[in-house]
Amino acid sequence: MTEITRVPLQPVAKGAVTKIWLGVAAIALAAGGVAYAALPPSVDVKTLTAGSGESPTADDVVLINYKGTLPDGKVFDEAKQVPMALNEVVPGFTKALVKMQRGGKYMVEIPAELAYGDKAVGDIPANTDLTFEIELIDFKSRAEIEQQQRILQQLQQMQSQGGMPGAEAQAHP
């Protein structure tokens, strides 16, 4: 037969379980802090006036009014009824606009990492967070824009080749 060796268990000291749980909690908090620090930067979008309907996609072209300011409040850019292709602007601008709806007005804070990063551009110093007030007037897909451009080109060609069809019939009653 096999002989079993018995090892007596020592009683747990008073307060040791509490210390173990405190250690576990400290490790969990440290892990959460590391995970939070590793999160990618994000854009903060606050609604000033709610819009309605769908939101643009990163492939759309938007028509907007906007004002961009630096952290000290200095306006570095402002424009009205500006068409912009969302895939041709800084990443933070795209991330903000895809959260908006037609007709809405928004306050947007873009961290430097999603703006111009470590590059100075115009009046914007390197590593600067940017704030924008943006009004989304309208948006269209790139396909819609290209179709409208083709139609306009066809109309221009027809006009340059002697007018539009039916123009002669209207000129001579």
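Just above sits the structure.
So, a few notes on the structure that sits alongside this text. Everything numeric here is computed off the predicted structure, so don't read it as measured data. (Residues numbered from 1 in each chain as written. Predicted model: local features only at pLDDT ≥ 70, side-chain atom pairs only at ≥ 80, totals over all residues. Heavy atoms only, no water.)

## A word on the overall build of the protein
Of the regular secondary structure elements, the protein holds four helices and five strands. When the helices and strands of the protein are read in sequence order from the N terminus, they spell out α-β-β-β-α-β-β-α-α. Residues classed as buried in the protein amount to 23% of the 173 residues present. (Helix = DSSP H or I, 4+ residues; strand = E, 2+ residues; numbered from the N terminus. Buried < 20%, exposed > 50% of the residue type's maximum accessible area, 1.4 Å probe, protein only.)

## Points about the packing of aromatic side chains
In this structure the tally under the stated criterion is four aromatic pairs. Ring geometry for Tyr66 and Phe132: centres 6.3 Å apart, planes at 55 degrees, overall tilted. With Tyr66 in strand β2 (residues 60-69) and Phe132 in strand β5 (residues 130-141), this pair connects stretches of sequence that are 66 residues apart. Taken individually, Tyr66 and Phe132 each receive the classification buried, so the pair is uniform in this respect. Among the aromatic residues, those joined into a ring-pair cluster are Tyr66, Phe76, Phe93 and Phe132. (Phe/Tyr/Trp six-rings, centres within 6.5 Å; stacked < 30°, edge-to-face > 60°.)

## Some points on the sheet that holds strand β4 (residues 105-110)
Taken together, five strands build an open sheet; the order of strands is β1-β4-β5-β2-β3 and the sheet is antiparallel. The outermost strands of the open sheet, each flanked by one partner alone, are β1 (44-49) and β3 (75-85). On average, each strand axis in the sheet is tilted by 25 degrees relative to the strand beside it, whichever way the strands run. With five bridges joining them, β1 and β4 adopt antiparallel strand pairing. Residue pairing across strands places Val45 opposite Val108, the latter belonging to β4. Across the sheet, helix α3 (residues 142-160) touches β2, β3 and β5, and the angle it forms with β5 is around 60 degrees. (Pairing = 2+ DSSP bridges. Axes fitted to C-alpha atoms, helices over the stretch in contact; angles between N-to-C directions. Contact = heavy atoms within 4.5 Å.)

## Points about the pattern of salt bridges
Counting across every chain of the model gives five salt bridges. Note that Asp138 is salt-bridged to Arg102, the shortest N-O span being 2.6 Å. Placement of the pair is Asp138 in strand β5 and Arg102 in the loop between α2 (91-97) and β4, with a sequence separation of 36 residues. For Asp138, a relative accessible area of 26% gives the class partly exposed. Of the residues examined, Arg102 reaches a relative accessible area of 32% and is grouped as partly exposed. As a salt-bridge pair, Glu133 and Lys105 come within 3.3 Å of each other at their nearest N and O atoms. With a gap of 28 residues between them, Glu133 in strand β5 and Lys105 in strand β4 connect regions that are remote in the sequence. In this structure Glu133 comes out as partly exposed when scored by relative accessible area, which is 26%. (Salt bridge = Lys/Arg side-chain N within 4 Å of Asp/Glu carboxyl O.)

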